[in-house]
Amino acid sequence: MTARNLHVNPPFRAEHVGSLLRPKYLFQKRGLYEEGKCSLDELRSAEDMAVQHVVKLQQDLGFKTITDGEMRRGMFFEGVFNNLEGMVFMPARPIDEFKDYIPHIAMMKDAGVPSEKTIYCSGKIKRTKPFYVDQFKYTASLVPPDDVKYIKLNVCSPSWFHQRHGSDYTYDHNVYKNDDEYFDDLGVAYREEFQELYDLGCRHIQIDDPTFCFFCSDSVRCRMMEMSVDPESLLDTYIRAINVCTKGRPDDLTVSVHMCRGNFMGAHFCDGGYDPIASKVFNSLDVDTFYLEYDDERSGDFAALKELPPNKSAVLGLVTTKRGQLEPPEALKARINEAAHALLQGNHERTISEALNQLSISTQCGFASVWQGNPLTEQDQYNKLKLLADTAKQVWTD
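So, here is what we can say about the structure in this document.

Criteria and thresholds
- Residue positions are given per chain, counting from 1 as you read along its sequence in written order.
- Only residues with pLDDT of at least 70 get local features here, since the model is predicted, and only at 80 or more are side-chain atom pairs given and counted; chain-wide, interface and lining totals rely on the full set of residues.
- The side-chain numbers reported here are obtained from all heavy atoms of the structure, hydrogens and water having been left aside.
- Helix numbering and strand numbering both begin at the N terminus, where a helix is a DSSP run of H or I of at least 4 residues and a strand a DSSP run of E of at least 2.
- For a compact globule the rule gives 2.2 Å times the number of residues to the power 0.38, and the radius of gyration it is set against comes from C-alpha atoms.
- Relative accessible area decides the class of each residue, using a 1.4 Å probe on protein chains only: under 20% of the type maximum gives buried, over 50% gives exposed, and in between gives partly exposed.
- Residue contacts are counted whenever heavy atoms from the two residues lie within 4.5 Å of one another.
- All accessible-area figures derive from a Shrake-Rupley calculation using a 1.4 Å probe, and residue coverage is judged against the displayed protein chains alone.
- The charged-residue count follows a simple rule in which Lys and Arg add positive charge and Asp and Glu add negative charge, with His and chain termini not counted at all.
- Taken as the charge centre is NZ of Lys, CZ of Arg, CG of Asp or CD of Glu, depending on the residue.
- Two aromatic rings from Phe, Tyr or Trp, using only the six-membered ring of Trp, form a pair when their centres are within 6.5 Å; if the ring planes differ by under 30 degrees the pair is stacked, by over 60 it is edge-to-face, and anything between is tilted.
- N or O atoms within 3.5 Å of each other form a polar contact, as long as, within protein, one can give a hydrogen and the other can take it, and as long as residues adjacent in sequence are counted only when both atoms are side-chain atoms.
- Only strands that DSSP links by at least two bridges are regarded as paired with each other.
- Axis lines are fitted to C-alpha atoms, over the contacting stretch for helices. Their N-to-C directions set the angle, which ranges from 0 to 180 degrees.

A word on the overall build of the chain. From N to C terminus, the chain includes twelve helices and eight strands. Taking 2.2 N^0.38 as the reference for a compact globule, 398 residues should give roughly 21 Å; the C-alpha atoms of the chain span a radius of gyration of 20 Å, in line with that estimate. Projected onto the principal axes, the alpha-carbon positions of the chain cover approximately 55 × 50 × 40 Å. Classification of the 398 residues of the chain by burial places 58% in the buried group. In the chain, 80% of the contacts between residues at least 6 apart in sequence involve partners at least 24 apart. Looking at the chain as shown, the accessible area adds up to about 16100 Å², and 50% of this sits on carbon and sulfur atoms. Averaging the coordinates of the 45 positive side-chain charges in the chain and doing the same for the 59 negative ones gives two points 2 Å apart.

All right, on to the packing of aromatic side chains then. This structure, assessed with the given rule, holds 20 aromatic pairs. Their ring planes at 80 degrees and their centres at 5.0 Å tell us that F81 and F161 sit as a pair that is edge-to-face. Pair noted here: F81 is in the loop between α2 (40-60) and β1 (85-94) and F161 is in the loop between β3 (152-156) and α5 (162-169), with a separation of 80 residues, a long-range link. The same class applies to F81 and to F161, which are both buried.

Mapped onto the fold, R44 is located in helix α2. R44 sits in the partly exposed class, given a relative accessible area of 35%. Separated by 14 residues in sequence, R44 and R30 have C-alpha atoms that sit 9.6 Å apart. A polar atom in the side chain of R44 sits 2.8 Å from the side chain of E47.

This part covers the sheet that holds strand β5 (residues 254-259). Taken in spatial order, the six strands make up an open sheet running β3-β4-β5-β6-β7-β8, and their pairing is parallel. Looking at the sheet topology across the chains shown, the edges are occupied by β3 and β8 (359-363). Taken pair by pair, the neighbouring strands of this sheet meet at an average axis angle of 25 degrees, ignoring direction. Looking at chain direction, strand β6 (residues 289-293) and strand β7 (residues 313-319) are connected through five bridges and run parallel. Residue pairing for β7: E293 is matched across the bridge by G317. Sheet strands touched by helix α10 (residues 329-343): β7 and β8. Its angle to β7, the strand with the most contacts, is close to 150 degrees.

Take it as geometry only, folks, not as evidence of what the structure does.
Right, dumping it as structure tokens:
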């Protein structure tokens with residue numbers, strides 16, 4: 001892995017993870033579409049309006065990073081695996097073929113759920129059509145040409161279905177003999193997508209990964225070992241899976257990873273600070289920026305930040321999207337200062353100014369990882385985004 005320079009701007013000092021609440025008209029239209037009561041064209045028209053709305057919202061609040069709010073997605077991970085050749089949708093896969101060390105899978109098994117929909121790799125993986133190119137082009141059409149480089153594109157982690165099914169049920173073993181072969185071809189597809197987006201002007205791609213935080217949970221790690229899965233070996237597999245996607249990227253393309261603890265309509269799935277994985281992930285994962293969740297006590301303290309190398313940045317998810325209550329600005333500033341001092345405790349020499357330069361602030365996760373959204377109002381969302389923008393101006397000058 002070639003050493004890269006510190007990437008800031010992006011990320012900018014005030015960030016958000018990506019997804020935003022669907023405006024009422026899109027929420028209603030999506031509900032009708034899910035019930036088969038409106039056409040895809042009608043839904044697309046509402047999505048176009050919603051993207052226009054959220055782009056203006058971000059611009060009006062002074063955010064430099066712009067996303068489309070994932071207005072076109074039913075769930076955050078849509079758009080990748082369902083568009084790849086070699087993947088097949090399974091509407092009702094037996095629940096015994098899911099790994100119950102994943103907390104929500106264990107809950108489903110305990111509730112007697114017999115099956116769940118998923119995607120299975122039945123053939124050689126090829127990217128025969130884009131994932132998000134058309135969506136990026138539309139968002140780019142809504143901003144000044146000089147601001148296209150500020151658009152952030154969110155993509156799900158390559159480990160998304162593997163974390164559910166493991167090495168035995170993710171892919172046909174007549175097609176791929178092992179995880180490396182599977183993730184190598186998946187990495188080719190991701191790199192092709194990244195390059196096409198880059199050629200269109202994209203300079204920030206965020207990988208949304210709800211997998212790494214499972215390795216921070218003692219209960220999950222214990223269950224893995226009960227099932228004869230080595231947590232450290234699996235963690236290495238998932239680090240490699242992302243690294244084959246990001247290798248060889250242009251120097252001016254920022255790739256970030258959001259390490260998520262779950263965000264299903266405001267519900268989370270695991271607890272634990274980043275300490276068990278910080279040294280390995282912060283140093284071995286070939287990305288430029290980490291979006292980290294720090295919105296409550298289940299997230300642990302900032303001690304793990306001492307492992308962050310000087311050439312990588314961290315976006316502190318201090319503002320929660322799980323409830324509407326607004327965080328006190330002075331408390332946010334105190335926590336930023338605490339995080340900066342945590343960076344000083346590591347083996348890398350840096351000043352407090354250099355530590356602060358490696359940090360930004362954001363929401364802990366998106367406002368709507370699924371189209372139904374979290375239990376907040378659009379006014380709550382506005383207030384939280386404004387809080388981030390205002391606080392960042394008081395802490396940083398750039």
